[in-house]
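If you want the building blocks of each chain, they are given just below.
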Amino acid sequence: QVQVVESGGGLVQAGGSLRLSCTASGRIFSVIDMGWYRQAPGKQRELVAIISGGSRNYADSVKGRFTISRDNVKNTVYLQMNSLKPEDTAVYYCNSHVLVYDLKEFSYWGQGTQVTVSS
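One structure accompanies this document, and this report is about it. Only a predicted model underlies this, so the values are computations on that prediction, with no experimental measurement involved. (Residues numbered from 1 in each chain as written. Predicted model: local features only at pLDDT ≥ 70, side-chain atom pairs only at ≥ 80, totals over all residues. Heavy atoms only, no water.)

Geometrically, a pair of aromatic rings is defined through the distance of the ring centres and the angle of the planes. Under the counting rule described, the total for this entry stands at three aromatic pairs. With 5.0 Å between their ring centres and 65° between their planes, tyrosine 37 and tryptophan 109 make a pair best called edge-to-face. Taken together, the positions of tyrosine 37 in strand β4 (residues 28-39) and tryptophan 109 in strand β10 (residues 105-109) put the pair 72 residues apart, joining distant regions of the chain. Residue tryptophan 109 is classed as partly exposed on the basis of its relative accessible area of 38%. Seen from the ring of tryptophan 109, arginine 45 lies directly overhead, with NZ or CZ sitting 4.6 Å from the centre. (Phe/Tyr/Trp six-rings, centres within 6.5 Å; stacked < 30°, edge-to-face > 60°. Helix = DSSP H or I, 4+ residues; strand = E, 2+ residues; numbered from the N terminus. Buried < 20%, exposed > 50% of the residue type's maximum accessible area, 1.4 Å probe, protein only. Lys NZ or Arg CZ within 6 Å of the ring centre and 35° of its normal.)

As structure tokens, this is what we get:
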């Protein structure tokens, strides 16, 4: 079993910053990739940023403002969010795509953390 736990959400004014953290733990042989997604009310869940090895990809809407990074030892991924805008308001979910010890691939989601940006 694998657990994915996020933290770091909250309320911030437009132009401010927040840092989200997500740790995957349990029967993990290796992490293939980890990413952040978000879902605003009435909208579909969308990819924000994903990191796999040395490769990082971002949604166009966050490029230049958000930075994803990873601590491979801790199986932890971070999302540094700067210059936040009201349209960044959403529940942010962490996804961990892993190989477990029988070398099968699974994708696990965290419970989500609310980010609210006031204007």
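On to the sheet that holds strand β7 (residues 66-71), then. Spatial strand order, β1-β3-β8-β7: four strands in an open sheet with antiparallel pairing. The two strands at the open ends of the sheet, each matched to only one other strand, are β1 (2-7) and β7. Mean inter-strand twist for the sheet, computed between neighbouring axes without regard to direction, equals 15°. Note: β1 against strand β3 (residues 18-26), six bridges, orientation antiparallel. In the strand pairing of β3, serine 7 is matched with serine 21. (Pairing = 2+ DSSP bridges. Axes fitted to C-alpha atoms, helices over the stretch in contact; angles between N-to-C directions.)

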